[in-house]
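Listed here are the chains, written in short residue letters.
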Amino acid sequence: MKLFTETGRYLLMLKGMVSKPENGKMYWKEFMHQCSDIGIGSLGIVVIISFFMGAVSAVQTAYQLVSPIIPKSTIAQIVRDTVILEFAPTLVCIVLAGVVGSKIASELGNMRVSEQIDALEIMGINSKAYLVMPKILAALLVIPMLVVVSAGLGILGGRIAGTASGILSATDYTKGLLQNFTPYNVFFAMAKSYTFAFFISSIPAYYGYNVSGGALEIGRASTKSVVVSCVLILMADYVLSALLL
Amino acid sequence: MIEVKNLKKGFGDKLVIKGVDATMQAGKCNLIIGSSGSGKTVFMKCLVGLFEPDEGEILYSGQDLVTMTDEQRKETRKQIGMLFQGSALFDSLTVEQNVMFPLDMFTKDSYQDKLKRVNEVLDRVNLKDANKKFPAEISGGMKKRVGIARAIVLNPKYLFCDEPNSGLDPQTSLVIDQLIKELTTEYNITTVINTHDMNSVMEIGDNIIYMYQGEKEWEGNNKEIIFNKNEKLNSFIFASEFLKDAKDMRMLEVKGKIDNDRNMDELLNSDEDVLNP
């Protein structure tokens, strides 16, 4: 029963944020601010994770491919497809659910508890539209970009790790990258990124916006939003894979 | 002017506001007092539209807030300024940006004009040289002033103050009270103040509503409150022995004020029974 209530309130929040902006310029400013916060703010962790994700993927694939009849370039091919299909969109989005999600939930939770959201409402501003919508739109714009960056860096990480440890040469790696490339995989990765980006921004926004109490409740909302986002990401990952692949 | 008719609000099975009628007059400080849990915060949140009442009318210059369309409500809210208990300043914005925020959102003035207006209201609340500071860098009293400046920057017709003196020392409280009083009369604002502070009640209470368990128990002004015969109100006002002892002195003082500020010594030395007017 609680699940239905929460889902209903979540949908009402999404409905409530669709309204004519009081001042388009201010909304644009907030949107750009969120793009910078989510994009630039998460770039560092995305770069580190993606690079090592690709590197580990290359080394472990090589470890498992023991047959001498399989060409070395296959390692690059597996790294490429694994990174594009799964690691870049799913792993990075799970990390972003923690980094971005907890930030959104605690920011809105703090604004709710310190009556800043009430202050906006009293001024005649639709607080859902002003605070939640720019976050969701910014996430939808920036997170797929981060996923593309992540995929590129993952592949680069695989190349550096592969050549540095003598698993395969740079030429073999490049050759493998170009073998049997399916552009549809990129479309699939993007479809996942947009879906996950929506969860990463809207779920924490819901929990943060509806906090009641104090600091303890803000922490709880932040944790809950990350857990729910991660579970939804994994469930959506399965559903999208079953539907689109 | 704000008129409240038969306002009721409950949460679940519990009725918190039990049919309150009240009139908040323009150009006067209308105080809502009562002990914790008496329903005054819920009452104020209903007045500003943060809670939807279950029953009753809230008339802003004759227009019912409850039945207004979203657009009408937005327009009404632009005429409302509110000072929150914790000031509710936006943490990520400077003092100047906080005060400018309503202007940014609702006017198309140039930056220079907006800045001029911001400096005007900051001057009015006696806050200079704090424009570039963040809320975390200023004191509680200064935050309240910034909150007031932000609330009045769009020249509101209605000003709501939730516990304006909470967390402030008596001297700063007095300054904030005087400021609210001056602004109320200067701009003919309908000011509604939710407070526990008896000093505020005595200083600026033009119209006082005492709430008890969700009902309006007593209404009057700061002169009448001292001489009131309502037991519940008296037990609220004179909760401590110290205050009970101080009551007689305060009555003398108020009596003095009523009698056109007659000299206190003269009153005390007179044969007049000032304690039983």
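Everything numeric here is computed off the predicted structure, so don't read it as measured data.

**Student:** Describe the pairing of strand β8 (residues 190–195) of chain B, listing the residues and the values that go with them.
**Tutor:** Working note: regular strand, side chains alternate between the two faces of the sheet. All names here are of chain B. Of all 6 residues in β8, 6 are buried, a share of seventy percent or more. On β8, burial covers both faces: Thr-190, Val-192 and Asn-194 on one face and Thr-191, Ile-193 and Thr-195 on the other are all buried. One ladder, built from 5 bridges, connects strand β3 (residues 29–33) with β8; its direction is parallel. Bridging from a neighbouring strand, Cys-29 pairs with Thr-191 of β8. Relative to β8, strand β7 (residues 158–162) is paired through 5 bridges, and the arrangement is parallel. Across the sheet, Leu-159 pairs through a bridge with Thr-191, a residue of β8.

**Student:** Can you break down the nonpolar core residue by residue, with the values?
**Tutor:** Core analysis: the largest hydrophobic core is formed by 128 residues, its most contacted members being Ile-200 of chain A together with Ala-149 and Phe-160 of chain B. Looking at this core, the element that brings in the most residues is helix α3 (residues 73–113) of chain A, giving 17 residues. Leaving out residues up to four positions away in the same chain, Ala-149 of chain B has contacts with Val-99, Val-121, Leu-122, Val-125 and Leu-127 of chain B.

**Student:** Talk me through the sheet that holds strand β9 (residues 207–212) of chain B; I want residue IDs and the actual numbers.
**Tutor:** All names here are of chain B. Ordered in space as β6-β7-β8-β3-β9-β10, the 6 strands form an open sheet in which the pairing is mixed. Among the strands making up the open sheet, the edge pair consists of β6 (80–83) and β10 (215–220). Within this sheet the neighbouring strands show an average axis-to-axis angle of 20 degrees, counted without direction. Here 4 bridges tie β6 to β7, and the two strands are oriented parallel to one another. Following the sheet pairing, Ile-80 is matched in β7 by Tyr-158.

**Student:** Describe the UniProt feature "transmembrane region" (unreviewed entry) in chain A, with residues and values.
**Tutor:** All names here are of chain A. Following the UniProt record, one finds the feature "transmembrane region" (unreviewed entry) at residues 38–63, 83–102, 136–156, 186–209 and 221–244. Helix makes up 100% of residues 38–63 and strand 0%, whereas the separation of the span's terminal C-alpha atoms amounts to 36 Å. What you have in residues 221–244 is 100% helix and 0% strand, and the ends, taken at the C-alpha atoms, are 33 Å apart.

**Student:** Can you break down the sheet that holds strand β4 (residues 55–60) of chain B residue by residue, with the values?
**Tutor:** Residue and element names in this part refer to chain B. Here we have 4 strands laid out as an open sheet, ordered β2-β1-β4-β5, and antiparallel in their pairing. The sheet is open, and its two edges are formed by β2 (14–24) and β5 (63–64), each paired on a single side. Sheet strands in contact with helix α1 (residues 40–48) are β1 (2–11), β2 and β4, and its direction is about 60 degrees off that of β2.

**Student:** Describe unusual backbone geometry, naming the residues involved and giving the relevant values.
**Tutor:** Its identity is not glycine, yet Asn-180 of chain A carries a phi of approximately 45 degrees, on the positive side. Accessibility expressed as a C-beta count within 10 Å gives 9 for Asn-180 of chain A, which makes it exposed. The phi torsion at Asn-155 of chain B lies on the positive side, around 50 degrees, for a residue other than glycine. Here Asn-155 of chain B shows up in the loop between α5 (140–152) and β7.

**Student:** A description of the environment of Ser-87 of chain B should follow, citing residues and the corresponding values.
**Tutor:** Looking at the element boundaries, Ser-87 of chain B is found in the loop between β6 and α3 (95–106). Here the alpha-carbon distance between Ser-87 of chain B and Pro-156 of chain B, two residues 69 residues apart in the chain, equals 17 Å.

The rules behind the values
Residues numbered from 1 in each chain as written. Chains lettered and ligands numbered in written order. Predicted model: local features only at pLDDT ≥ 70, side-chain atom pairs only at ≥ 80, totals over all residues. Buried ≥ 20, exposed ≤ 12 C-beta atoms within 10 Å, placed from the backbone. Helix = DSSP H or I, 4+ residues; strand = E, 2+ residues; numbered from the N terminus. Pairing = 2+ DSSP bridges. Core = buried A, V, L, I, M, F, W, Y, C linked by C-beta atoms within 7 Å. Contact = placed C-beta atoms within 7 Å. Axes fitted to C-alpha atoms, helices over the stretch in contact; angles between N-to-C directions. UniProt positions renumbered as here; feature names shortened; annotations may be inferred.

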